[in-house]
Amino acid sequence: MLLACLFNLSGCDYQKKPPIKVGILHSLTGTMAISETALVDASLMAIEELNKRGGVLGRKLHPIVVDGASNWDQFALEAEDLITQHQVSVIFGCWTSACRKAIKPVIEKYNHILFYPLQYEGLEASPNIVYTGAAPNQQIIPSVHWALENIGKNIYLVGSDYVFPRTANMIIKDLLKNRNISVLGETYLPLGSHDVAELIDDIRLKNPNLIINTINGDSNVAFFKHLPKDLKIKVMSYSIAETEVLSIGTDLLQGHYAAWNYFQSINTSENLEFVENFKIKFGQHRVIDDPMEAAYTGVHLWAQTAETAGSHLPTLVRAALGYQSMKAPHGVVSIDKKSQHLWKTVRIGEIMADGQFEVVWSSGTSVRPAPFPSTYSRQEWLKRLEAIESP
Amino acid sequence: MNQYTLSKKLFIWIFLSAIVPVVVLTTIYLVSFRASLLSQEKEHLSQLADKKVEQVEVYISQRIDDARLLSKSVQSEQLLADLIPLYKHKQKQTQAYYLKEKIHRSFFQDFKERGYFDIFLISPEGDIVFSLIHESDFATNIYRGEYRNSGLGSVVKRASYFLEASSSSFEYYSPSGEAAAFVAAPILRAGKLIGIVALQVDYNIIQDVTLDLGGSKESREVVVASKHGNYFSYQTRVKYDPSIEVGRELPIAELPYPLYKAMGGERSTAVELDYRNVKVIAASRYLPSMHWGMVFKEDYSEAMQVFDRLMYFSIAALVSISFGALILARYLGQAVAKPLVNMTKATRAIAQGDMDLTVELEGFKESFELAESFNKMSGRLKDARNNLEHKVIERTFELEQEMKLRKKNEMDLENSYLEINRSMLHLKTAQDQLIESEKMASLGSLVAGIAHEINTPLGIAITSNGVLKSTLNEMEKDLNNKTLTQGVFKEHLIKMNEIESLLDNNLGRTVTLVKNFKQVAVDQTNLHKAKFYLFELVESLLASLLPETKRHPVEIINDVRDDIVIDSYSGDFYQLLTNLILNAMVHAFEGKEKGKLIISARLKGDIVTLSVSDDGNGIPEESLSSIFEPFFTTRRGAGGSGLGLSIVHNIVKQKLKGDIEVHSTINKGTEFVVRFANSLP
């Protein structure tokens, strides 16, 4: 009896608590698989670190990884399944905005919570989503300014034909208007297309010194391959990170730029440790890019929020999201209460011969997220977005 | 434990059974209470910290909203439109300027009351074209001028770069000569930047926000700091060190750990050391809009005050309880022990001989009853003792009498014993004598037998000698008469051969008889141990006994196995077998026309089984048990001494160390079975 009191009073719980189930929803097959499977790896590494420390709220985390198969309808079904059948407490998932928009209604329907790790075009702030990737003002906008100052003012816009590139370019054009600069050209390639002949001809014709590139996927290979070297054009890309550099090849990309919050080459002790742990777990040949770091950070932020909330239930976790801060590998992040985006540091990197990025500019401290740039009101933005999505 | 008094024992028992468990339980409760108190305080502090973070962020947010509001206001737009053309860079402004400025001033002056030190309006090129307080920053260019690296410069740059409102933390701002923080917002019209509005936040106002703690804990404090490169600066006044200036750059090495964690974005609530090196419960938080690290802390000792008080009280209570237990044990012990002590004294006195002593009846019921019983017992003891004394005297007298009687009996017994011993000796002597005489007698009869036997062949020999003599006379006569023809000579020769043959036989017989007798006689008195074949011994004995045995119509068969060797006194065997055989002759075959006597022997291992059996009259059952008794005979009148079988029995038992049995059936026969070791050690 004495011992029973002892145990009770000292708070020891000798019953084994059941694990907390968390959902990881990415494309394990299909065109997005190459990019998304790396996110699964980063998320699982974060979960393993948490479990080693004793889990969350004294319970181990049990990851349930499901395949969206690069199909947005499939993603929506799997999301629903995760919530209703598996009863996960949180979903970490998606890459493309189309994917996110497909599962957003499901997440909101069940009042659940999704951590979305990709930089995106903004113009969204769901109370059920935590956006751990960059908002336009944390990637696109600063980099355009820097490019205008440091590369040139003859700009050509090129991108894949879907919502993100179109919205991004819309925002960019707003910026340029303020500088009294007009774009020399704006071309969109169908997703997955390798037919760049027309585009290259147009580039030759317009002769820009700066190309803002929002092409996604392997169209980038064709684009960079056929890009005329003699024209001395520098490209600022928003969808090329360490992973894409590996597959496209440094010989095509060297000397060009990308804007992210995270680069594997960031020289802080936190990042060095993070990179080493990842390589030990997954192999020395692997690289880490911004979405992976954002996915990893998202898992840790969720765990920390659950501990603060004292519960793993989505509604209670969401209530405790505000001002959750941590030292992510790329720097200090903090969840902005209103928008549920992160304060993130902005960086611009130049692609080096070894496939890594050299940081040429950093915002120094973290930048407040503004998913709706204040150039227009929220309503105006949504109207403009609508115009893009359904022309 | 027997050396300890009752008081001590009681104290130990009370201590062990009551106080020790209480101490243990109390410790357990205290420990867990402390743990839960600490966790409760931490939780409380954590919640307060979160609230404070919210409060500050909301405050900053409001400042930013103010900036945004201003950026959207018509007044800002108009002011810029009016003043930018009139603005003179780094010079005293013109009259026209001031006239225009005056129109707009009041609006911004009112706005200042919201808690701003100064409000700036800046052209897209970076010129500070308007300021409420014309400090040295007025009319400079914020991108290129001397204040471009100030807080104002950074927020304006950000606002124009990112087209978003931006805030800075408190830094020393030289135009104002004190710490200042700034909020700026881009002024956009139709997506185009027409200027920037900046607010200089009143340091004191924010101080009130951060320092507003509420609550009862005196030691509570909010410390806020921000980092710049290798330095950090406190953003609020520090409670316990008023010498620290807000915004003054201090080396990173001096950064207290909780603040370090907070600025690094780490969210924690833990027990740590603050900037005074005092143990505190510190909740570390990060404030993104100012890039501040905030520590909401209270002194650990204050937090645990309740516990400390409880602990001291518990210790005091336990000590006094222990003391009380000591006193109680002492009192109880003495109360219980007193009657016992008295009783002990009384017992000692009684033991010394004071039989009339009684114990006082006192104390609690049990001791009262004990004293009563004790007294009763003591009285009985006294009586019993008296009784005992009388009894002892009586008994001693009785015992003395008995002793005398016993002694007499003993003497008699001793005499009888001596008598018996003497008789035994006489008897033994008589027995030995009898055996000797029997031996002599048998030897005598043996000699008589032999003599008788020898007479016969000797007689024949003598007769034959006589015939020879007469034949020789006849021959001589014939020779003299010249009538000795060949035929007559042949007749004489034949006769003489016949005589010779007779002589030969009978003399031979005589020799054999003498030899046999010698053998038996020697053997009978032979006292040397030797190895001999039993068969041969029996053979020679039978031969020597022939004079006697041939008188009876009995066939004697020597069925002894001829490989049996015995290492013993052959004389004993002669005697033994002689007696058995002669006995059988006399008793078994009396009145019988014919009979058989078989002497057989077998050897098994070391044991010889010798059997002398006859098919004679048998021995009646009533006599069987007595036949080995000395002097037992059924032929006393006819010359039997009754010693034969007893001698046999003695020889078997004492000389051969063996056993003898007799089996008999009337008119069927008798068997004597002797078992003995084939070699005597």
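Rules of the game
Counting of residues starts from 1 at the beginning of each chain's written sequence and follows it residue by residue. Here the convention is simple: chains get letters from A, ligands get numbers from 1, in the order in which they are written. In keeping with the predicted nature of the model, local features appear solely for residues at pLDDT of at least 70, side-chain atom pairs appear and are counted solely at 80 or more, and the whole-chain, interface and lining totals rest on all residues. No hydrogens and no water enter the side-chain calculation; it runs on all heavy atoms of the structure. Secondary structure elements are defined from DSSP: runs of H or I of at least 4 residues count as helices, runs of E of at least 2 residues count as strands, and each element is numbered from the N terminus. Restricting the calculation to C-alpha atoms gives the radius of gyration, and the globule rule supplies 2.2 Å times the number of residues raised to the power 0.38. The buried label goes to any residue with under 20% of its type's maximum accessible area, the exposed label to any with over 50%, and the partly exposed label to all in between, with areas taken from a 1.4 Å probe on protein chains only. Pairs of residues are marked as contacts when any of their non-hydrogen atoms sit within 4.5 Å. Just so you know, the count uses Lys and Arg for positive and Asp and Glu for negative, and it drops His and the chain ends. Each charge is placed at NZ for Lys, CZ for Arg, CG for Asp and CD for Glu. Strand pairing is assigned whenever DSSP detects at least two bridges linking the two strands. To get an axis, fit a line to the C-alpha atoms, keeping to the stretch in contact for a helix; angles then go from 0 to 180 degrees between the N-to-C directions. Here is the rule for angles: anything less than 35 degrees is roughly parallel, anything more than 145 is roughly antiparallel, 65 through 115 is roughly perpendicular, and the remaining ranges are oblique. By definition, turning the near helix anticlockwise from the far helix through less than a right angle yields a left-handed crossing, and turning it clockwise yields a right-handed one. We count a salt bridge whenever a side-chain nitrogen from Lys or Arg sits within 4 Å of a carboxyl oxygen from Asp or Glu. Classification of ring pairs rests on two measures: the distance between centres of Phe, Tyr or Trp rings, Trp counted by its six-membered ring, which must be within 6.5 Å, and the angle between planes, read as stacked under 30 degrees, edge-to-face over 60 and tilted in between. For a ring to carry a charge above it, either NZ of a lysine or CZ of an arginine must fall within 6 Å of the ring centroid while also lying within 35 degrees of the normal to the ring plane. Throughout, a disulfide means two cysteine sulfur atoms within 2.5 Å of one another. In this document the domain limits rely on a domain assignment from an automatic tool or a database. When two parts are put together, the accessible area they lose, computed with a 1.4 Å probe and summed over both, is reported as buried area. Residues enter patches when they are more than 30% accessible in relative terms and free of salt bridges; like-charged ones are connected within 9 Å and nonpolar ones (Val, Leu, Ile, Met, Phe, Trp, Tyr) within 5 Å. Note on areas: Shrake-Rupley with a 1.4 Å probe; residue coverage comes only from the protein chains shown. Among buried residues, those of type Ala, Val, Leu, Ile, Met, Phe, Trp, Tyr and Cys that are joined through side-chain atoms within 4.5 Å constitute a nonpolar core. Cavities and pockets were defined on a 1 Å grid built from protein atoms only: a cavity is a group of points that admits a 1.4 Å probe but offers it no way out, a pocket is an open group of points flanked by protein on both sides within 12 Å along at least five of seven lines, and a lining residue is one with an atom within 4 Å of any such point. Grid points are joined across faces, edges and corners, and a volume is the space filled by probe spheres set on the points. For this scheme, ten residues count as nonpolar: Ala, Val, Leu, Ile, Met, Phe, Trp, Tyr, Cys and Pro. Four count as charged, namely Asp, Glu, Lys and Arg, and the remainder, Gly too, count as polar.

(A) The overall build of chain A, seen in detail. Within chain A, the regular secondary structure consists of 14 helices and 15 strands. Over its C-alpha trace chain A gives a radius of gyration of 22 Å, about what one expects of a compact globule, namely 21 Å for 391 residues. The C-alpha extent of chain A, read off along each of the three principal axes, is 90 × 45 × 40 Å. Here chain A holds 391 residues, and the buried ones make up 61% of them. At a minimum sequence separation of 6, the contacts of chain A that also span at least 24 residues come to 67%. For chain A, the distance from the average position of its 35 positive side-chain charges to the average position of its 40 negative side-chain charges is 6 Å.

(B) Focus on the pairing of strand β2 (residues 128-131) of chain B. Residues and elements named next belong to chain B. Pairing of strand β1 (residues 116-122) with β2, which is carried by three bridges, proceeds in the antiparallel orientation. Within β2, the residue paired with F120 across the bridge is S131. The turn linking β1 back onto β2 is made up of five residues, and G126 within it adopts a positive phi angle of 110°.

(C) Fine view of the packing of helix α3 (residues 72-84) of chain A against helix α4 (residues 97-109) of chain A. All names here are of chain A. Taken N-terminus to C-terminus, the directions of α3 and α4 make an angle of 30°; their axes are 8 Å apart at the nearest point. It follows from the interaxial angle that α3 and α4 lie roughly parallel. In this structure, the crossing between α3 and α4 has a hand that is right-handed. Contact residues: W72, F75, A76, A79, E80 and I83 in α3; A98, C99, A102, I103, V106, I107 and K109 in α4.

(D) Summary view of the sheet that holds strand β18 (residues 659-665) of chain B. Residues and elements named next belong to chain B. Across the sheet, five strands lie side by side as β14-β16-β17-β19-β18; this open sheet has mixed pairing. Each edge of the open sheet carries a strand with a single partner, namely β14 (554-560) and β18. Geometrically, the sheet is characterised by an average inter-axis angle of 10° between neighbouring strands, direction not taken into account. Pairing of strand β16 (residues 595-604) with strand β17 (residues 607-614), which is carried by eight bridges, proceeds in the antiparallel orientation.

(E) Local environment of the sheet that holds strand β1 (residues 20-26) of chain A. Residues and elements named next belong to chain A. What the five strands build is an open sheet, ordered β2-β1-β3-β4-β5; its pairing is parallel. Of all the strands in the sheet, just β2 (61-67) and β5 (129-131) have a single pairing partner and so form its edges. Between one strand and the next, the sheet's axes are offset by a mean angle of 20°, whatever the strand orientation. Sheet topology places strand β3 (residues 91-93) next to strand β4 (residues 114-116); two bridges connect them, and they run parallel. Across the sheet, residue I91 finds its bridge partner in β4, namely L114. Helix-sheet contacts for α3 involve β1, β2 and β3, and the interaxial angle to β1 is about 180°.

(F) The arrangement of the pattern of salt bridges in detail. Overall, the coordinates contain 38 salt bridges over all chains when judged by the stated rule. Across the salt bridge formed by R100 of chain A and E121 of chain A, the nearest N and O atoms sit 3.7 Å from each other. Remark: E121 of chain A occurs in the loop between β4 and β5 and R100 of chain A occurs in helix α4; sequence separation between them is 21 residues. Exposure class is identical for R100 of chain A and E121 of chain A. Each is buried. For the salt bridge of R675 of chain B with E661 of chain B, the shortest nitrogen-to-oxygen distance reads 3.3 Å. In this pair, R675 of chain B is assigned in strand β19 (residues 669-677) and E661 of chain B in strand β18, connecting sequence segments 14 residues apart. Residue classification places E661 of chain B among the partly exposed positions, given a relative accessible area of 34%. Via salt bridges that share partners, E221, D274, R276, K297 and D299 of chain B belong to a single interconnected network.

(G) Local environment of the packing of aromatic side chains. Counted under the stated rule, the structure contains 29 aromatic pairs over all chains. Ring plane angle 50° and centroid distance 6.2 Å describe the contact between Y97 of chain B and F138 of chain B, whose orientation is recorded as tilted. Taken as a pair, Y97 of chain B in helix α3 (residues 95-112) and F138 of chain B in the loop between β2 and α4 (151-162) lie far apart in primary sequence, 41 residues in all. For F138 of chain B, a relative accessible area of 11% puts it in the buried group. Clustering of aromatic rings is evident, with ring pairs tying together F107, F108, F111, Y116 and F130 of chain B. When the ring centre of Y116 of chain A is taken as origin, the NZ or CZ atom of R100 of chain A, which lies over that ring, is 4.7 Å away. Over the face of the ring belonging to Y59 of chain B we find R63 of chain B, whose NZ or CZ atom lies 4.1 Å from the ring centre.

(H) Inspection of the pairing of strand β15 (residues 357-362) of chain A at higher detail. All names here are of chain A. For strand β14 (residues 347-351) and β15, the ladder comprises five bridges, and the chain directions are antiparallel. Directly across from I348, in β15, lies its bridge partner W361. Counted along the chain from β14 to the antiparallel partner β15, the turn is five residues long, and its residue G355 has a positive phi close to 90°.

(I) Looking closely at the state of the cysteines. Residue and element names in this part refer to chain A. Evaluated as defined, the whole model comprises one disulfide over all chains. Across a sulfur-sulfur distance of 2.1 Å, C94 and C99 are joined as a disulfide pair. Residues C94 and C99 are joined by a disulfide whose S-S torsion is about -70°; by sign, that bridge is left-handed. Both residues of the pair, C94 and C99, count as buried.

(J) How the structure looks around the domain arrangement of chain A. All names here are of chain A. Taken domain by domain, chain A holds domain 1 (20-134 + 268-343) and domain 2 (137-266 + 348-389). Inter-centroid distance (C-alpha atoms) of domain 1 to domain 2 is 25 Å. Surface buried jointly by domain 1 and domain 2 totals about 2,900 Å² across both partners, of which 62% is contributed by carbon and sulfur atoms. Scanning the region where domain 1 abuts domain 2 turns up zero salt bridges. Among the elements of the structure, α4, α11 (269-282), α12 (290-309) and β13 (342-343) are those that each provide at least two residues to the side of domain 1 that touches domain 2.

(K) Just the interface of chain A and chain B, in detail. Each side of the interface is counted separately: chain A has 39 residues, and chain B has 32 residues. Taking both sides of the interface into account, the surface hidden between chain A and chain B amounts to around 3,100 Å²; carbon and sulfur atoms contribute 57%. Taken together, the connections running from chain A to chain B amount to one salt bridge. Here K337 of chain A makes a salt bridge to E54 of chain B, at a shortest N to O gap of 3.0 Å. Elements supplying a minimum of two residues to the side of chain A that touches chain B: α1 (2-9), α5 (140-150), α6 (163-178), α12, β11 (325-328) and β12 (331-335) of chain A. With five residues, the top contributor of residues to the side of chain A that touches chain B is α5 of chain A.

(L) Just a nonpolar patch on the surface, in detail. Taken together, W13, F15, L16, V20 and V24 of chain B make up a surface patch of nonpolar side chains, about 440 Å² in accessible area. Here F15 of chain B is to be found in helix α1 (residues 6-72).

(M) Here's a closer look at the nonpolar core. Ranked by size, the top nonpolar core spans 89 residues in total, and within it I91, F115, I203, I211, F223 and W302 of chain A carry the most contacts. Counting contributing residues, this core receives three or more from each of domain 1 (20-134 + 268-343) and domain 2 (137-266 + 348-389) of chain A. For F115 of chain A, the contacting residues outside a window of four places in its chain are V90, I91, F92, G93, V130, T132, G298, L301, W302 and L321 of chain A. Counting residues in hydrophobic clusters, the runner-up holds 56 residues, among them L79, L80, Y116 and A179 of chain B.

(N) Empty space enclosed by the protein, seen in detail. Counted under the stated rule, the structure contains five cavities of 30 Å³ or more. There is about 130 Å³ of room inside the largest cavity. When the residues that make up the lining of the largest cavity are grouped by side-chain class, the tally is ten nonpolar, five polar and three charged. Residue contributions to the lining of the largest cavity reach at least three from each of two domains, namely domain 1 (20-134 + 268-343) and domain 2 (137-266 + 348-389) of chain A. When its volume is computed, the second largest cavity comes out at roughly 110 Å³. As for the second largest cavity, its lining consists of W343, S366, V367 and R368 of chain A together with R158, F162, E164, A165, S166, S167, S289 and H291 of chain B.

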